[in-house]
Amino acid sequence: MTDLSSPIKTMKLYTHVERVERELAAQGLNQGPLATEDLVAMDQLHYGGVAVVDEAIEQLGLQSGDHVLDVGAGLGGPARHIAKKVGCAITAVELQSDLNTLAQQLTERCQLGDQITHQCGDILDTPLPSQSFDALVSWLTVLHIPDRDALFSRCHEAIKTGGQIYIEDFCAQQVLSREVKDQLAEDVFCHYLPSSAQYEQDLLAAGFVSIEMENMSPDWTKFVSMRLAKFQAGADEFVARHGEPTYRALHHFYRSIVRLFDSGAIGGLRIQAVAAR
Ligand SMILES: C[S@@+](CC[C@H](N)C(=O)[O-])C[C@H]1O[C@@H](n2cnc3c(N)ncnc32)[C@H](O)[C@@H]1O
């Protein structure tokens, strides 16, 4: 059951989580083993689906003996894809208990429970071993965490010297208006959004080097617009399956993200860096 009292639930992507189980039931997959491919339409809460997770696997050169930290694992989609494809171990940290519980159940059903440890907690204070992860991945999570000094120090402390991080996240492309700030806070639970230059400085200050940033804004602007169009085109079927309130909530969220990208105020970054000591 979704706990709507949590402040992050103003972001409507995180409400009506039961839609995942309903969708699986509609496909006759309400129980028993699952393949990770059965879930890709609903468990990748970022832009570009598993194709971008494959790019991360390749860029990081992940190997079966590695231990990867996934920060803000959501429903566990990226973690399962990496575990299945690479054969490595993953610790998947997720703040929201309803998402974490569902992620864990889906991982068990995909028979990946031996490789993935789902850990419910805030990345800022959940217990993590020191200097023990070979790599860190994170999709669209940093935007939720204003205290970048604490966050990047934590990430730096968790990974081995020479370990790499791979982050996809929002950045500000101009000075943000009050209206955009309010929209980010309410619809995206994002209370602080720096420029790419500030992002880089914060990573350097935490001890990361060889920082590479790729501007994802054009790709993401197209992706979110297509996502909204596809969602609207399937409205009748979606409402019949999940009901009007769930449709309205997700429609509000998808449309808000399109407005943010179309305004040019926010953009997207793909970031790679190495932990130095
Ligand atoms: C947009 S979702 C992306 C989920 C997943 N990375 C994916 O791409 O499918 C971001 C996730 O980060 C989680 N999150 C936000 N703040 C967090 C924190 N402080 N510690 C751990 N997880 C956090 C949210 O609960 C949410 O599930």
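Here's what I pulled together on the structure shown here. Predicted model, so just to flag it, every value in this text is computed and none were measured.

### As for the environment of Leu143
Checked against the element boundaries, Leu143 lands in the loop between β4 (133–139) and α5 (148–158). Of the residues examined, Leu143 reaches a relative accessible area of 3% and is grouped as buried. Measuring from C-alpha to C-alpha, the distance between Leu143 and Met226 comes to 22 Å, with 83 residues separating the pair along the chain. Ignoring any residue separated from it by four or fewer positions in sequence, one finds Leu143 in contact with Arg148, Asp169, Phe170, Val188, Phe189, Cys190, His191 and Tyr192.

### With respect to the packing of aromatic side chains
In total, this model carries 14 aromatic pairs according to the counting rule given. A ring pair is formed by Phe253 and Tyr254, whose centres lie 6.0 Å apart and whose planes are at 55°; its orientation type is tilted. Taken as a pair, Phe253 and Tyr254 share a single burial class, namely buried. Here the aromatic residues Tyr47, Phe170, Trp220, Phe223 and Phe261 are joined through ring pairs into a cluster of three or more.

### Overview of the layout of surface pockets
One way to see where empty space is left: roll a probe the size of a water molecule over the atoms. What the largest pocket holds in volume is close to 940 Å³. Lining of the largest pocket is provided by 26 residues; of these, Ala41, Met42, Lys230, Phe231 and Tyr254 occupy positions nearest its centre. Among the elements of the structure, α1 (19–26), α8 (217–233), α9 (235–242) and α10 (244–262) are those that each provide at least two residues to the lining of the largest pocket. In terms of residue count, α8 provides more of the lining of the largest pocket than any other element does, five residues in total. Grouping the amino acids of the lining of the largest pocket by side-chain chemistry returns 12 nonpolar, seven polar and seven charged. Computed from the structure, the second largest pocket encloses a volume of approximately 490 Å³. The set of elements that each furnish at least two residues to the lining of the second largest pocket consists of β1 (67–71), β2 (89–94) and α10. Split into classes, the residues belonging to the lining of the second largest pocket amount to 24 nonpolar, eight polar and five charged.

### Section: the site of the ligand
Taken together, 22 residues surround the ligand, and among them Leu45, His46, Gly72, Glu94 and Gln96 come closest. Between the ligand and the protein, one listed contact pairs an oxygen atom with a side-chain N or O atom of Thr141 at 3.1 Å. Isolated, the ligand exposes 600 Å² of accessible area, and the fraction of that covered by the protein chains is 98%. Judged by the fraction of its atoms near the pocket grid, the ligand is located in the second largest pocket. Tallied by class, the residues present in the shell around the ligand amount to 11 nonpolar, eight polar and three charged.

### Describing helix α2 (residues 49–60)
A rise of 1.5 Å per residue sets the reference length of α2, with its 12 residues, at 16 Å; its end C-alpha atoms lie 18 Å apart and thus fit the reference within 8%. Listed in full, the buried residues belonging to α2 are Val52, Val53, Ala56, Ile57 and Leu60. Angular distribution of buried residues about the axis of α2 spans 155°; they occupy a single face of the element. On the buried face of α2, the contacting elements are α3 (77–86), β4, β5 (159–172) and β7 (266–275). After α2 finishes, the residue Gly61 shows a positive phi value of roughly 60°.

### Quick look at the nonpolar core
Of all hydrophobic cores here, the largest spans 66 residues; its most connected members are Ile82, Phe170, Leu184, Val188 and Ile257. Broken down by element, the residue count for this core peaks at eight residues, all from α10. If we skip the residues at most four places from it in the chain, Val188 touches Met11, Leu143, His144, Phe170, Gln183, Ile257 and Leu260. With 26 residues, the next largest nonpolar core counts Leu128, Phe133, Phe152 and Ala273 among its residues.

### Thoughts on empty space enclosed by the protein
All told, the structure shown has two cavities of 30 Å³ or more when counted by the stated rule. Leu13, Tyr14, Val17, Arg19, Val20, Leu45, Leu75 and Leu99 together form the lining of the largest cavity. The residue inventory of the lining of the largest cavity, partitioned by class, reads seven nonpolar, no polar and one charged. One number sums up the size of the second largest cavity: a volume of about 30 Å³. What lines the second largest cavity is Thr36, Val40, Asp43, Gln44, Val50, Gly77, Arg80 and His81. When residues in the lining of the second largest cavity are grouped by element, the largest group, three residues, is from α3. A per-class count over the lining of the second largest cavity returns two nonpolar, four polar and two charged.

Conventions we followed
- Residue positions are given per chain, counted from 1 along the sequence in the order it is written.
- The predicted origin of the model limits local features to residues at a pLDDT of at least 70 and limits the giving and counting of side-chain atom pairs to 80 or more, whereas totals for whole chains, interfaces and linings rest on all residues.
- Just so you know, side-chain values use all the structure's heavy atoms and leave hydrogens and water out.
- Here a helix means four or more residues in a row that DSSP labels H or I, a strand means two or more in a row labelled E, and each is numbered from the N terminus.
- Whether a residue is buried, partly exposed or exposed follows from its accessible area with a 1.4 Å probe, protein chains only, as a fraction of its type maximum: under 20%, in between, or over 50%, in that order.
- Residues are treated as being in contact if the distance between any of their heavy atoms lies within 4.5 Å.
- Between the rings of Phe, Tyr and Trp (Trp by its six-membered ring), a pair exists once the centres lie within 6.5 Å; its type follows the angle of the planes, with under 30 degrees stacked, over 60 edge-to-face, and the other angles tilted.
- Only protein atoms enter the 1 Å grid used here. Points where a 1.4 Å probe fits but cannot escape make up a cavity, open sets with protein on both sides within 12 Å along at least five of seven lines make up a pocket, and a residue lines them when an atom lies within 4 Å of a point.
- Grid points are joined across faces, edges and corners, and a volume is the space filled by probe spheres set on the points.
- Here the nonpolar group is Ala, Val, Leu, Ile, Met, Phe, Trp, Tyr, Cys and Pro; Asp, Glu, Lys and Arg are the charged ones; every other residue, Gly included, is treated as polar.
- Nearness is defined per residue: one heavy atom within 4 Å of the molecule or strand is enough.
- Any pair of N or O atoms that falls within 3.5 Å is considered a polar contact. Within protein, one atom must be able to donate a hydrogen and the other to accept it, and sequence-neighbouring residues count only if both atoms are side-chain atoms.
- Shrake-Rupley sampling with a 1.4 Å probe provides the accessible areas, and residues are treated as covered by the protein chains on show and by no other component.
- In this description, a molecule resides in a pocket or cavity if more than half of its atoms sit within 2 Å of the grid points defining it.
- Expected span of a helix: the number of residues minus one, times 1.5 Å.
- To obtain the arc, one takes the directions from the helix axis to the C-beta atoms.
- Each nonpolar core is a collection of buried residues, namely Ala, Val, Leu, Ile, Met, Phe, Trp, Tyr and Cys, held together in the definition by side-chain atoms within 4.5 Å.

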